[in-house]
Amino acid sequence: MLSYNPVWVNIDLPTKRLEVHRECAHTNQMCETPYKGVGKLKRDGGWIRFRNAEVAIQRLKEEYDQFECLIHCK
């Protein structure tokens, strides 16, 4: 059974980078902008929540296989 330790993933489309975050200074400061969403993708990407890091990484590898994936908070 997979654990339930929610993570947020910062999907940055222009830089082709994914950053996986647990609760940290970055997630505490995330906010909606005209080009980047929270809970949804916009033109430049967004912050998407997943139930745990394993699910996030598996799904994102399928959808964004050319992106660099960084684990920010371990």
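Residues numbered from 1 in each chain as written. Predicted model: local features only at pLDDT ≥ 70, side-chain atom pairs only at ≥ 80, totals over all residues. Heavy atoms only, no water.

**Let's talk about the pattern of salt bridges**
Taken as a whole, this structure holds 6 salt bridges when the rule is applied. A salt bridge links R59 to E63; its shortest N-O distance comes to 2.8 Å. Of this pair, R59 and E63 both sit in helix α2 (residues 53-63), 4 residues apart, which is roughly one turn of that helix. A relative accessible area of 42% places R59 in the partly exposed class. (Salt bridge = Lys/Arg side-chain N within 4 Å of Asp/Glu carboxyl O. Helix = DSSP H or I, 4+ residues; strand = E, 2+ residues; numbered from the N terminus. Buried < 20%, exposed > 50% of the residue type's maximum accessible area, 1.4 Å probe, protein only.)

**Considering unusual backbone geometry**
A negative phi angle characterises most non-glycine residues, just as the trans form characterises most peptide bonds. Phi is positive for K16, close to 55°, though the residue is something other than glycine. Looking at the secondary structure, you find K16 in the loop between β1 (7-12) and β2 (17-21).

**Describing the sheet that holds strand β4 (residues 45-50)**
Each strand in a sheet pairs with another by means of backbone hydrogen bonds, the pair being arranged parallel or else antiparallel. A sheet is described by the order of its strands in space; here 5 strands give the open sequence β3-β4-β1-β2-β5, paired in mixed fashion. At either margin of the open sheet sits one strand with a lone partner, and together these are β3 (37-38) and β5 (68-71). Where β1 and β2 come together, 5 bridges link them in antiparallel fashion. In the strand pairing of β2, N10 is matched with E19. (Pairing = 2+ DSSP bridges.)

**Looking at the nonpolar core**
Here is a general trend for soluble globular proteins: nonpolar side chains tend to be buried in one another's company. Core analysis: the largest hydrophobic core is formed by 13 residues, its most contacted members being V9, I11, L18, F50 and L60. Of all elements in the fold, only β1, β2, β4 and α2 reach the threshold of two or more residues within this core. (Core = buried A, V, L, I, M, F, W, Y, C linked by side-chain atoms within 4.5 Å.)

**Comments concerning the side chain of K36**
Within the fold, K36 resides in the loop between α1 (25-29) and β3. Of note is the side chain of K36, whose polar atom sits 2.7 Å from the side chain of N10. Not counting chain neighbours up to four residues away, the residues in contact with K36 comprise N10, I11, D12, C31, K42, D44, G45 and G46. (Polar contact = N/O pair within 3.5 Å; in protein donor to acceptor, adjacent residues only side chain to side chain. Contact = heavy atoms within 4.5 Å.)

**Description of the packing of aromatic side chains**
Enumeration over the complete set of coordinates arrives at 1 aromatic pair. Look at Y64 and F67: their rings are 4.9 Å apart centre to centre, the planes differ by 55°, and that puts the pair in the tilted class. With relative accessibility at 17%, the residue F67 sits in the buried group. Across the ring face of Y35, the terminal group of R43 is positioned such that the distance to the ring centre comes to 3.7 Å. (Phe/Tyr/Trp six-rings, centres within 6.5 Å; stacked < 30°, edge-to-face > 60°. Lys NZ or Arg CZ within 6 Å of the ring centre and 35° of its normal.)

**Remarks on the pairing of β4**
A regular strand places its side chains so that they alternate between the two faces of the sheet. By the criterion of burial, β4 is predominantly enclosed, with 5 of the 6 residues buried. Examined bridge by bridge, β1 and β4 share 6 bridges and lie antiparallel to one another. Looking across to β4, one finds that W8 is bridged to R49. Two elements, β3 and β4, share 2 bridges in a ladder whose sense is parallel. Across the sheet, the residue bridging to V38 is W47, located in β4.

The quantities given are spatial measurements derived from coordinates; they are silent on function.
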